[in-house]
Amino acid sequence: MAVTRAKKVAQVEKLGGELKNASSMIVATYSKLTVTQDFELRKALRPTGAKYRVVKNTLAERAGKGTKVEEALKNLQGVTSIAYTEGDPVTLAKVLAKYAKEHPEFSFKAGVVEGRAITVKEIQSLATMPSKDELYSKLLFLLSAPSQRLVTAMNAVGRNLAVVVSQGVEQKKFKEA
């Protein structure tokens, strides 16, 4: 059944509203992807907070007008799907890259990170980077490491003194007064 013009306009408006808030997006193509495989991809993307849509090329281009992701949606050809997020672009790229590795029928076309267009090769590089959460934990470790070492060194002085006194008592090095 054909989609009416009114439904298409509603789809474009809805997608356009979602894309205005999206800071990052990856455009992909697939061939012979089964419903089960598509469900697996959507299930993998759900925890990242990303949204995934299979879209018609012209509708995607119209919905992207005036947004940060407009550049990646121009002149699309073939079957197109888009995954977009307001959150961490690295997490999105990692999930999609892992899925593309497991399913060769799924491949990337283009991407946008924080309003800047990126190539397929850059999407692959983005997937190898640590996520924001990983970077935060590494930073916190680096910030707390010097203070932990200082506390350990300060505790070592007392501990070492106690060991020396204990050994002296055991070997009867001290005279009783």
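Residues numbered from 1 in each chain as written. Predicted model: local features only at pLDDT ≥ 70, side-chain atom pairs only at ≥ 80, totals over all residues. Heavy atoms only, no water.

1. Let's talk about the pairing of strand 3 (residues 80–85)
Extensive coverage of strand 3 is indicated by the burial of six of its six residues. Residues Thr-80, Ile-82 and Tyr-84 of strand 3 are buried on one face, and the alternating residues Ser-81, Ala-83 and Thr-85, pointing to the opposite face, are buried as well. Both strand 1 (residues 24–30) and strand 3 contribute to a ladder of five bridges, which runs antiparallel. Bridge pairing in strand 3 places Ser-24 opposite Thr-85. The sheet contact formed by strand 2 (residues 51–55) and strand 3 spans five bridges and is antiparallel. Looking at the pairing, Val-55 lines up with Thr-80 of strand 3. (Buried < 20%, exposed > 50% of the residue type's maximum accessible area, 1.4 Å probe, protein only. Helix = DSSP H or I, 4+ residues; strand = E, 2+ residues; numbered from the N terminus. Pairing = 2+ DSSP bridges.)

2. Structural notes on the packing of aromatic side chains
Inspection of every chain in the model, using the stated rule, returns two aromatic pairs. A ring pair is formed by Tyr-99 and Phe-106, whose centres lie 5.4 Å apart and whose planes are at 85°; its orientation type is edge-to-face. Arranged with centres 6.1 Å apart and planes meeting at 80°, the rings of Phe-106 and Phe-108 form a pair that is edge-to-face. For Phe-106, a relative accessible area of 3% puts it in the buried group. Owing to a relative accessible area of 10%, Phe-108 belongs among the buried residues under this scheme. In textbook terms, an aromatic cluster arises when at least three aromatic residues are bridged by ring pairs, as seen for Tyr-99, Phe-106 and Phe-108. (Phe/Tyr/Trp six-rings, centres within 6.5 Å; stacked < 30°, edge-to-face > 60°.)

3. Things to note about the environment of Leu-59
You can see Leu-59 is positioned in helix 3 (residues 57–64). Sequence spacing of Leu-59 and Leu-15 is 44 residues, and the spatial spacing of their C-alpha atoms is 8.8 Å. In this structure Leu-59 touches Lys-8, Gln-11 and Val-12, once residues within four positions along its chain are discounted. (Contact = heavy atoms within 4.5 Å.)

4. Focus: the packing of helix 4 (residues 89–102) against helix 5 (residues 120–128)
Direction vectors running N to C along helix 4 and helix 5 enclose 105°, while the axes themselves pass 7 Å from each other. Considered as vectors, helix 4 and helix 5 are oriented roughly perpendicular to each other. Contacts between helix 4 and helix 5 involve Pro-89, Val-90, Ala-93, Lys-94 and Ala-97 from the first element and Ile-123, Gln-124, Leu-126 and Ala-127 from the second. The residue inventory of the contact of helix 4 with helix 5, partitioned by class, reads seven nonpolar, one polar and one charged. (Axes fitted to C-alpha atoms, helices over the stretch in contact; angles between N-to-C directions. Parallel < 35°, antiparallel > 145°, perpendicular 65-115°, else oblique. Nonpolar A, V, L, I, M, F, W, Y, C, P; charged D, E, K, R; others polar.)

5. Quick look at the nonpolar core
Counting 24 residues, the largest nonpolar core has Leu-45, Leu-96, Phe-106 and Phe-108 as the members making the most contacts within it. When contributions to this core are tallied by element, the ones reaching two or more residues are strand 1, helix 2 (35–45), helix 4, strand 4 (106–113) and helix 5. The element best represented in this core is helix 4, accounting for eight residues. Of all hydrophobic cores here, the second largest spans 18 residues; its members include Met-25, Leu-59, Ala-60 and Val-112. (Core = buried A, V, L, I, M, F, W, Y, C linked by side-chain atoms within 4.5 Å.)

6. Structural notes on the packing of helix 2 against helix 4
In contact at an axis separation of 10 Å, helix 2 and helix 4 are set at 155° when each is read in the N-to-C sense. The pairing of helix 2 with helix 4 is recorded here as roughly antiparallel in orientation. In the packing of helix 2 onto helix 4, the handedness of the crossing is right-handed. Where helix 2 approaches helix 4, its residues Gln-37, Asp-38, Glu-40, Leu-41, Ala-44 and Leu-45 are matched on the opposing element by Leu-92, Val-95, Leu-96 and Tyr-99. Across the contact of helix 2 with helix 4, the residue classes break down as seven nonpolar, one polar and two charged. (Left-handed = near helix turned anticlockwise from the far one by under 90°.)

7. Section: a positive patch on the surface
Residues Arg-5, Lys-8, Lys-56, Arg-62, Lys-65 and Lys-74 make up a contiguous surface patch of positive charge. Turning to its location among the elements, Lys-56 is positioned in the loop between strand 2 and helix 3. Relative accessible area serves as the criterion here: at 54%, Lys-56 is assigned to the exposed category. (Patch = residues over 30% accessible without salt bridge, like charges linked within 9 Å, V, L, I, M, F, W, Y side chains within 5 Å. Areas by Shrake-Rupley, 256 points an atom, 1.4 Å probe, with all protein chains shown as cover. Salt bridge = Lys/Arg side-chain N within 4 Å of Asp/Glu carboxyl O. Lys, Arg positive; Asp, Glu negative; His and termini not counted. Charge placed at Lys NZ, Arg CZ, Asp CG, Glu CD.)

Everything listed is a geometric property; what it means functionally is a separate question.
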